[in-house]
Amino acid sequence: PTVSDTPRMDYDSIKAYFVDFLQKKPQGVLLESKVIKGDDWALDAGIYEFTMGATGDKVKARYTYLYNYEDGEWKIAHHHSSVMPEAFL
């Protein structure tokens with residue numbers, strides 16, 4: 001989930017975010033998921049929770065994935081994730 005306030009709009013900054021995220025050794029669980037599928041696209045939106053293996057911290061977030069079917073494979077066309085605001089209230 002997004003745990004950074006920095007917008008990531010290019011390849012290098014997106015890669016840097018995920019390299020850093022993976023160093024925390026996340027393990028995720030889907031808590032809610034709704035999938036809508038078209039002919040060559042699919043949308044998955046819901047809530048997931050990650051436990052960071054490196055620290056034990058838990059992060060619950062809303063997510064959206066948009067997939068496109070290209071060249072015989074499903075590929076992520078867009079992803080968004082936001083920490084649940086209730087965690088800070």
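Located above this text is the structure these notes cover.
Structural notes, computed from the coordinates.

About the thresholds
Residues numbered from 1 in each chain as written. Predicted model: local features only at pLDDT ≥ 70, side-chain atom pairs only at ≥ 80, totals over all residues. Heavy atoms only, no water. Helix = DSSP H or I, 4+ residues; strand = E, 2+ residues; numbered from the N terminus. Buried < 20%, exposed > 50% of the residue type's maximum accessible area, 1.4 Å probe, protein only. Contact = heavy atoms within 4.5 Å. Lys, Arg positive; Asp, Glu negative; His and termini not counted. Charge placed at Lys NZ, Arg CZ, Asp CG, Glu CD. Phe/Tyr/Trp six-rings, centres within 6.5 Å; stacked < 30°, edge-to-face > 60°.

This part takes up the overall build of the protein. Helices and strands together make up the secondary structure of the protein, namely one helix and four strands. Helices and strands in the protein line up, N terminus first, as α-β-β-β-β. The principal-axis extents of the C-alpha atoms in the protein amount to approximately 40 × 30 × 20 Å. Looking at the protein as a whole, 22% of its 89 residues qualify as buried. Long-range pairs, those at least 24 residues apart, make up 33% of the contacts in the protein with a sequence separation of at least 6. Across the protein, the centroid of the 10 positively charged side chains sits 5 Å from that of the 14 negatively charged ones.

With that settled, consider the packing of aromatic side chains. Going through the model one piece at a time under the given rule, you end up with eight aromatic pairs. Summarising the aromatic geometry, the rings of tyrosine 17 and phenylalanine 21 are spaced 6.0 Å apart at their centres and angled 10° between planes, so their arrangement reads as stacked. Of this pair, tyrosine 17 and phenylalanine 21 both sit in helix α1 (residues 11-23), four residues apart, which is roughly one turn of the helix. For the ring pair tyrosine 63 and tyrosine 65, a centre distance of 5.8 Å and an interplane angle of 55° mean the geometry is tilted. For the residue pair tyrosine 63 and tyrosine 65, the accessibility class agrees, reading buried in each case. Each residue in the set Tyr17, Phe18, Phe21, Tyr48, Phe50, Tyr63, Tyr65 and Tyr67 is aromatic and connected to the rest through ring pairs, giving one cluster.

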